[in-house]
Amino acid sequence: MPLIVKICGLSTRETLNVALDAGADMVGFVFFPPSPRHLSLETARDLGKQAKRRALKVALTVDADDSTLANIVEALQPDILQLHGSETVARLRDIKQKFGLQVMKVVAVETAADLALVPGYAAVADRILFDARAPREATRPGGLGAVFDWHVLENLDLKLPFMVSGGLNAENVAEAVRVTRAGGVDVSSGVERAPGVKDPEMIRAFIRAARAVETDRALTATGAR
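Residues numbered from 1 in each chain as written. Predicted model: local features only at pLDDT ≥ 70, side-chain atom pairs only at ≥ 80, totals over all residues. Heavy atoms only, no water.

## Focus on the overall build of the chain
Link 1 in the chain: The helix and strand inventory of the chain stands at 7 helices and 10 strands.
Link 2 in the chain: A compact globule built from 225 residues should have a C-alpha radius of gyration of about 17 Å, and the chain, at 16 Å, falls within 12% of that.
Link 3 in the chain: Per-residue burial for the chain yields a buried fraction of 49% across its 225 residues.
Link 4 in the chain: In the chain, 57% of the contacts between residues at least 6 apart in sequence involve partners at least 24 apart. (Helix = DSSP H or I, 4+ residues; strand = E, 2+ residues; numbered from the N terminus. Rg over C-alpha atoms; globule rule 2.2 N^0.38 Å. Buried < 20%, exposed > 50% of the residue type's maximum accessible area, 1.4 Å probe, protein only. Contact = heavy atoms within 4.5 Å.)

The structure is reproduced here in structure tokens:
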């Protein structure tokens, strides 16, 4: 299967266009005020129109209430809601029923014990995203450039599609996919020259590296390598 590539935390027309032109499968937009990537609803509406149907639009939220989600959905018209907080399985089910959108639940990982939550979420979510657990003192749950031990996912038996995130960049994405066998990768700070400031060439380099992984995996599967 093709590797899903998601560029998250996009905030300008220029960098969104770079990600789309380079072939991103998903483009992510952050709605969380403590983040340097946080978008206003006006900007989200503009970027959402620009993305059109060129990639799946993902709205990242953290423990957002129904009113906040409704405003985001109206402005961005996302394809997927990425829930990056402490949302429960019941909350996931409620959001899916109310908004009729795909839900991607983020699971913070530090040790194998963190995977205990996965079966419950997998029963409701459409996709799981594994990210590095943020330090206790952090003001936000992700986008911090931290890498977790990918070997924690090495023997994961998950029928649901899953992605990996956390400190990925053009140099380490191949190893992350090799170890985890993830079906997708998600990058934010790894394609930035400063917090919240995406670098066009870093976006292109990441997508090129991810596509090279995809090619290698296909060759291995067919016995050509």
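## Some details on the environment of Glu192
Link 1 in the chain: As for its position among the elements, Glu192 is in strand β9 (residues 192-194).
Link 2 in the chain: With relative accessibility at 10%, the residue Glu192 sits in the buried group.
Link 3 in the chain: Every residue in contact with Glu192, bar those within four places of it in the chain, is listed here: Arg37, Val197, Lys198, Asp199 and Met202.
Link 4 in the chain: Separated by 3.0 Å, the side chain of Glu192 and the backbone nitrogen of Gly196 make a polar contact.
Link 5 in the chain: Looking at Glu192, its side chain comes within polar contact range of the side chain of Lys198, at 2.5 Å. (Polar contact = N/O pair within 3.5 Å; in protein donor to acceptor, adjacent residues only side chain to side chain.)

## Observations concerning the nonpolar core
Link 1 in the chain: The biggest cluster of nonpolar side chains holds 63 residues, and the ones touching the most others in it are Ile7, Val27, Phe29, Ile128, Phe130, Val185 and Phe206.
Link 2 in the chain: Residue contributions to this core peak at 6 residues, all from helix α7 (residues 200-221).
Link 3 in the chain: Discounting residues that sit within four places of it in the chain, Phe206 has contacts with Val5, Ile7, Leu168, Asn169, Ala170, Val173, Val185, Val187 and Val191.
Link 4 in the chain: Listed in part, the 7 residues of the second largest apolar core include Met104, Val106, Leu129 and Met163. (Core = buried A, V, L, I, M, F, W, Y, C linked by side-chain atoms within 4.5 Å.)

## Overview of the side chain of Thr61
Link 1 in the chain: Within the secondary structure layout, Thr61 lies in strand β3 (residues 56-61).
Link 2 in the chain: Taking relative accessible area as the criterion, Thr61 reaches 1% and is therefore assigned buried.

## Section: the pattern of salt bridges
Link 1 in the chain: One pass over the full model with this rule turns up 19 salt bridges.
Link 2 in the chain: Its salt-bridge partner being Arg54, residue Asp21 comes within 2.5 Å of it at the nearest N-O pair. Here Asp21, found in helix α1 (residues 13-22), pairs with Arg54, found in the loop between α2 (41-51) and β3; they are 33 residues apart in sequence, far enough to count as distant.
Link 3 in the chain: Of the residues examined, Arg54 reaches a relative accessible area of 41% and is grouped as partly exposed.
Link 4 in the chain: Salt-bridge contacts for Arg133 lead to Asp114; the nearest nitrogen and oxygen are separated by 2.8 Å. Of this pair, Arg133 sits in the loop between β6 (127-132) and β7 (162-164) while Asp114 sits in the loop between β5 (102-109) and α5 (118-122), and the two are 19 residues apart along the sequence.
Link 5 in the chain: Residue classification places Asp114 among the buried residues on the basis of a relative accessible area of 14%.
Link 6 in the chain: Members of the salt-bridge network, linked through shared partners, are Asp66, Arg91, Asp94 and Lys98. (Salt bridge = Lys/Arg side-chain N within 4 Å of Asp/Glu carboxyl O.)

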